[in-house]
Every structure is written in C-alpha cells, then in structure tokens.
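# Observations on the three-dimensional arrangement
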Amino acid sequence: MSPNDHRIDARDWSLLAVLSILWGGSFFFNGAALRELPPLTLVFLRVVLGAAMLLPLLRMQGIGFPKGVAGWTPFVAIGLLNNVIPFSLIAIGQTLVPSGLASILNATTPLFTVLVMAAAGEETLQARRVAGVALGIAGVIILRGSGIETRSGQGIGILLCLGGALSYGFAALAARRLLKDSAPLGTAAFQLMASTVMMAIVAGVVEQPWRHPMPGLATWLAVLGLAALSTALAYIVFFQIIRRSGATNVMLVTLLIPVTAILLGWLVLGEPMSMHEIGGAIIIGSALIVIDGRALRVLQRVG
C-alpha cells in the first residue's frame, strides 16, 4: 500500500492500536523514572538503551549502517525532531504538569502535523481532517478531563509539552521527505543511534549525570520499560505504519493513547469506567472515522 496519507487499512489500524499501548506507557514510565532521574539523563538512557536493543536485530536482518555524512544526515534530522527535542521537552514538561495533562497535550500532535504538512505544501488543508482532529482532541479532553490535577505555575510545562507535539509534526514532514525507501528496523535503529550522540552531549553538559546518586531498582525497571517497549519496539511499529499509510496518519496514534490507557485499566486492573470516559472514547472513535473519510464517502454515495 502506498503511503498516501489519506486512508488506513485494517492492518494499520491494528498497528496504531498496538503503538498507542506502547507509547501510552511512556507517560507512566517517565513519571516513575523522573522521581530519581533528571529529565535529560532519562532521555539519554531511553535512546541509548533503545538503540542497543535494536543492534542485534540489525545484524540478524543483515542491514548495514549508513555510509558517510550523506548517509547519516536523514537519521540525524529525524533523531533530532522525533527524539531529542520532543522527548526532552515532554520529559521536562512532566516535571511541571501531571502525566494526564501531558497526554492530553500530546494529543494535539495530529493537528500540528496537518498544519505543518499544509504549510510545507505536502498536503492540502482538508477541512474534514482538521475538523476530525479537533473533534478527537475534544474527545481526549472529555475522556481525561475529570481526572486531571491542576498545579500552580504549570504554564511553562504546558508550553513545553505543546512544543514536543509540534516537533513531532515537523518529524512527520522530515520522515516523508527523507525516508521514503528506508527499512523500518533500520530507520528506528539509526535515528536512535544518532539521538544517542546528541543526547550524550546535551545531558552531559546540562545535567552531568555522573554527579547524581545511583537510582533504585524501580527506576531502572521503568527506564528499561521505556527503552524496550516505548522506544525500540514502538519505533519499529511507527516506521512500519509510515511506510504503509503515511506520516500524517501515524500521528493519529496520539488520539488513541488515552483510550487504550482507559481500556487497559478496565480490562487488566478492573478499574471502573465512567460515563465521561465512555463518551470521550465514542467521540474519539467518531473523529477517527471522520479523518479516515471512507465511511463518509459511502454515506454520500448511498444518499
């Protein structure tokens, strides 16, 4: 299937659901690890461990490293926009705002992506997609709204999280232009390797992590979960969806993350599901149908 950024088939809807679970866990893992680790150090550990976990898979698949500066340039750009900037801004933001609010702000990613793509001339600004994304964000707010804590002085944290969402929008644009023929596994590994070098410099200069005390076992487990599930595995799925359905569609995952979190809590932990959560989930589902467009076209033909 060619990545036309307008339609998603059943397989990619399933992959989006899987990705929403993997990335949804990042807010939990971040929240747990940030109790003992400074944010930039956490991001460094996330990308370096994620890259290390993918290296054996590269060897097994016979995928060689990029050659020269020209070969690495696309992965440096993607690593900067897709990892270094958003991971750092969101991790710092989560020290200032609750995780639930951070997940709502993250759900603005598809809106930023649509606007960035339109401004760059990659897509027309379709009213249907903008309306669908706006409806989805409203659904996320309804779904998570009553469980959101408020803190004084969290304006900077909100701006940082929104900055991370905007960076993901530019990452989608860069992925479309620079990674048309790159294998998902190679793309995931190489961008994390490039990000590791950048984050080693940033974290080393700003936070000097060697001066901090060694974190406990619970923190290390959160870091490993963040690196293995929410980074290494998640990015393989992420770039697979980009290759099949396009860069704009993959960002819809941020609308699904709050829904999967609620469903997992209900199915796995036996947590009660309230009416506002059900209503928010229905609105998000309706928004995804509007964005996809096929159901609306069928109704138009029937009418």
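Residues numbered from 1 in each chain as written. Predicted model: local features only at pLDDT ≥ 70, side-chain atom pairs only at ≥ 80, totals over all residues. Heavy atoms only, no water.

## Focus on the nonpolar core
Leu-19, Trp-23, Tyr-235, Phe-238, Phe-239 and Leu-255 are the most contacted members of the largest nonpolar core, which has 68 residues in total. Sorting elements by how many residues they give to this core places helix α8 (residues 184–206) first, with nine residues. Non-local contacts of Tyr-235, meaning those with residues more than four positions away in its chain, are made with Trp-23, Asn-82, Asn-83, Phe-87, Tyr-168, Ala-188, Gln-191 and Leu-192. If you look at the next biggest cluster of nonpolar residues, it comprises ten residues, including Leu-34, Leu-42, Leu-45 and Ala-222. (Core = buried A, V, L, I, M, F, W, Y, C linked by side-chain atoms within 4.5 Å. Buried < 20%, exposed > 50% of the residue type's maximum accessible area, 1.4 Å probe, protein only. Helix = DSSP H or I, 4+ residues; strand = E, 2+ residues; numbered from the N terminus. Contact = heavy atoms within 4.5 Å.)

## Observations regarding the pattern of salt bridges
Pairing of side chains with opposite charge becomes possible as their charged atoms draw close. Scanning the entire structure with this criterion turns up three salt bridges. For the salt bridge of Asp-12 with Arg-244, the shortest nitrogen-to-oxygen distance reads 2.9 Å. With Asp-12 in helix α1 (residues 10–33) and Arg-244 in helix α9 (residues 217–245), this pair connects stretches of sequence that are 232 residues apart. According to the relative accessible area criterion, Arg-244 is buried, its value standing at 14%. As a salt-bridge pair, Arg-176 and Glu-122 come within 3.4 Å of each other at their nearest N and O atoms. One end of the pair, Arg-176, is in helix α7 (residues 155–178); the other, Glu-122, is in the loop between α5 (109–119) and α6 (127–145), with 54 residues separating them in the sequence. Accessibility expressed as a relative area gives 29% for Glu-122, which makes it partly exposed. The network of salt bridges with shared partners includes Glu-122, Arg-176 and Arg-177. (Salt bridge = Lys/Arg side-chain N within 4 Å of Asp/Glu carboxyl O.)

## Topic: the confidence of the model for the protein chain
Across the protein chain, pLDDT averages 83, with 88% of residues at or above 70. Here residues 1–5 is a poorly scored stretch, pLDDT under 50, and it has 21 contacts once near neighbours within four places are set aside; other chains count. (pLDDT = per-residue confidence, 0-100.)

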